[in-house]
Amino acid sequence: MLLIACPWCGEREELEFHYGGQAHVAHPAEPEGLSDSQWGEYLFVRDNPKGPFAERWSHSAGCRRWFNVVRHTVTHEILAVYPAGQPKPVILP
Amino acid sequence: MTRREPAVTADTLRRSPLGHLAAVFAEHSTPAEPSPAGEPSRAAEPSRAAEPSIAAERCARLREVPFLAQLDLQLEPGGPAAQRIAAALGTPLPTAPNSVAEAGELRVLWLGPQEWLVIGPDGSAPATAALLSAALRGEPGSVVDVSANRTTLELSGRTAREVLAKGCALDLHPRAFGPGDCAQTLLSTVHVILDQIDRTDAGPTYRLLVRGSFAQYLSDWLLDAMEEYRHPPLTP
Ligand SMILES: [Zn+2]
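Everything numeric here is computed off the predicted structure, so don't read it as measured data. (Residues numbered from 1 in each chain as written. Chains lettered and ligands numbered in written order. Predicted model: local features only at pLDDT ≥ 70, side-chain atom pairs only at ≥ 80, totals over all residues. Heavy atoms only, no water.)

### Some details on the side chain of Asp72(B)
Formally: The way it works is that DSSP assigns letters per residue, a run of H or I at least four long becomes a helix, a run of E at least two long becomes a strand, and they are numbered from the N terminus. Note on classification: 1.4 Å probe, protein chains only; a residue is buried when its accessible area is under 20% of the maximum for its type, exposed when over 50%, partly exposed between these limits. Under the convention used here, Asp and Glu are negative, Lys and Arg are positive, and both His and the chain ends fall outside the count. Any carboxyl oxygen of Asp or Glu within 4 Å of a side-chain nitrogen of Lys or Arg constitutes a salt bridge here.
Here Asp72(B) shows up in strand 2 (residues 69-75). Within the buried set, Asp72(B) has no salt-bridge partner at all; the shortest N-O distance to an opposite charge, 5.2 Å, is to Arg64(A).

Listed below in structure tokens is the structure:
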């Protein structure tokens, strides 16, 4: 069980949260100009790093706000929590 | 020959989600503690009279508080509309996460950085909604009557916190949570809004706002969690 610090509510158990996949995947500026494979890449292809990974979480059973988390995919250590819309923090390896 | 029927109105027809359990709640709740002055017979046992009975020491009480008015309020805090609403309610909207402001009969619970739940007595929703809508005055935001979304369970007594601890991961110890605090969390996997309304020598009083379709399950779970406190503690 992860203990995740919601930016508003503080530390809550993982059961209260909903996972939202990779963070910082920008919507294409001109989707009509993309080929099918480029559009498919935007929709479905995500990074799968072994190490720190920036991802979205929602405090769905609490304040229901979305925010971003940097989680180490091997140790599950949570390295950073920051509001949606802010740039990805620089995490040292 | 015609028989006189009681007038059928919306008030006589409406049923709260847990109305059928009122007698069960009463049966499983510790009776209220008698006032010390009303028990002259205890004077014969002065050493024991000062100590609460086992039942009072381990008491937990559950009841439904049906039909509370609940209004969901969404707007940008710190703007002019928030100031007008603060003036109309008589209290600033709480901006500290998971805190409660009181304004007369109303309680204003923080639900999110731009969202609050205004709780009032049965029947007060239309007037409060009109008050809030007028204060919002067309600015971005919303006032929605969500009274039918949830019913309210009230759990009180010296073991109320122990009962909740069986299914809630939050630290509800007085050092971390007390009157004026609220939380949206899970109780036995059910979404609840938890609002501690009081703390006295007779223990804390919590209100649990739960969606109607989960209310029966949560009641069953609470009654089961309360059961051990109806009996003396087991001694090894
Ligand atoms: Zn939260």
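### Remarks on the domain arrangement of chain B
Residue and element names in this part refer to chain B. For clarity, the cut-off: Domain start and end points were adopted from an automatic or database domain assignment. In what follows, a contact means two residues having at least one pair of non-hydrogen atoms within 4.5 Å. Contacts described as polar in this section are N or O atom pairs within 3.5 Å, which, within protein, must combine one atom able to donate a hydrogen with one able to accept it, while residues neighboring in sequence count only if both atoms come from side chains. Under the scheme applied, nonpolar residues are Ala, Val, Leu, Ile, Met, Phe, Trp, Tyr, Cys and Pro; charged residues are Asp, Glu, Lys and Arg; polar residues are all the others, including Gly.
Partitioning chain B into domains gives domain 1 (69-148) and domain 2 (150-230). For domain 1 versus domain 2, the separation of C-alpha centres amounts to 24 Å. Residue-level contacts link 13 residues of domain 1 with 11 residues of domain 2. Between domain 1 and domain 2 we count 1 salt bridge in total. The partner of Asp195 in a salt bridge is Arg107, with the nearest N and O atoms 2.8 Å apart. Counting every contact that joins domain 1 to domain 2 gives 5 residue pairs in polar contact (both at pLDDT 80 or more). Contributing elements (two or more residues each) for the side of domain 1 that touches domain 2: strand 4 (106-112) and strand 5 (115-120). The dominant element in the side of domain 1 that touches domain 2, judged by the number of residues it contributes, is strand 4, at 4 residues. Its residues placed into classes, the side of domain 1 that touches domain 2 shows 8 nonpolar, 4 polar and 1 charged.

### Observations regarding the packing of aromatic side chains
Residues and elements named next belong to chain A. Definition in use: Working definition: rings of Phe, Tyr and Trp (its six-membered ring) pair if their centres are within 6.5 Å, and the pair is stacked with planes under 30 degrees apart, edge-to-face with planes over 60 apart, and tilted otherwise.
Tallying each qualifying case throughout the model produces 3 aromatic pairs over all chains. Seen in terms of ring centroids, Tyr19 and Trp57 are 5.1 Å apart; in terms of plane orientation they differ by 70 degrees. Their pairing is edge-to-face. On the criterion of sequence distance, the pair formed by Tyr19 in strand 3 (residues 18-22) and Trp57 in strand 4 (residues 52-58) is long-range, its members being 38 residues apart. The class of Trp57 is buried, set by a relative accessible area of 6%.

### Some details on the nonpolar core
Using the following cut-off: Residues enter a nonpolar core if they are buried and are Ala, Val, Leu, Ile, Met, Phe, Trp, Tyr or Cys, with the set joined through side-chain atoms within 4.5 Å.
Core analysis: the largest hydrophobic core is formed by 30 residues, its most contacted members being Leu153(B), Leu164(B), Leu187(B) and Leu222(B). At the level of secondary structure, the elements contributing two or more residues to this core comprise strand 7 (150-156), helix 7 (160-165), strand 8 (182-187), strand 9 (190-200), strand 10 (203-211) and helix 8 (212-226) of chain B. With 7 residues, the top contributor of residues to this core is helix 8 of chain B. Once residues within four sequence positions are removed from consideration, Leu187(B) is found in contact with Leu164(B), Gly167(B), Cys168(B), Val192(B), Leu208(B), Leu218(B), Trp221(B) and Leu222(B). Membership of the second largest hydrophobic core comes to 27 residues, among which are Phe17(A), Leu93(B), Ala101(B) and Val108(B).

### Considering the sheet that holds strand 6 (residues 141-145) of chain B
All names here are of chain B. Definition in use: Any two strands with at least two DSSP bridges between them are considered paired. A fitted line through C-alpha atoms serves as each axis, taken over the contacting stretch for helices, and the angle formed by two N-to-C directions is quoted from 0 to 180°.
The antiparallel open sheet is built from 5 strands, whose spatial order is 3-4-5-2-6. At either end of the open sheet lies a strand with only one pairing partner, and these are strand 3 (100-103) and strand 6. Pairs of neighbouring strands in the sheet enclose a mean axial angle of 20 degrees, with direction left out of account. Note: strand 3 against strand 4, 4 bridges, orientation antiparallel. Each bridged residue has a counterpart across the sheet, and for Val100 the counterpart in strand 4 is Leu109. Relative to the sheet, helix 5 (residues 80-89) contacts strand 2, strand 3 and strand 4, its axis offset from that of strand 2 by approximately 155 degrees. The strands touched by helix 6 (residues 125-136) are strand 2, strand 4, strand 5 and strand 6; relative to strand 6, the strand with the most contacts, the crossing angle is about 175 degrees.

### Overview of the coordination of the zinc ion
Residue and element names in this part refer to chain A. Going by this rule: Each metal's donors are the N, O and S atoms within 2.8 Å of it, or within 3.2 Å when it is Na, K or Ca, and because water is not part of the set, sites may look incomplete. All geometry calls rest on donor angles, where a four-donor set with angles between 85 and 135 degrees is tetrahedral, four- and six-donor sets with opposite donors more than 155 degrees apart and all others between 65 and 115 are square planar and octahedral, and all else is irregular.
Every protein donor of the zinc ion is listed here as Cys6 (SG), Cys9 (SG), His59 (ND1) and Cys63 (SG), and their distances to the metal cover 2.0 to 2.4 Å. Around the zinc ion sit 4 donor atoms, and with donor-metal-donor angles ranging over 105 to 119 degrees the site reads as tetrahedral. For the zinc ion, the donor residues sit on a single chain with the sequence spacing C-x2-C-x49-H-x3-C. Of the two residues, Cys6 sits in strand 1 (residues 3-6) while His59 sits in the loop between strand 4 and strand 5 (66-72), which places them 53 residues apart along the sequence. Classification of Cys6 as buried rests on a relative accessible area of 4%. Given a relative accessible area of 0%, His59 falls into the buried group.

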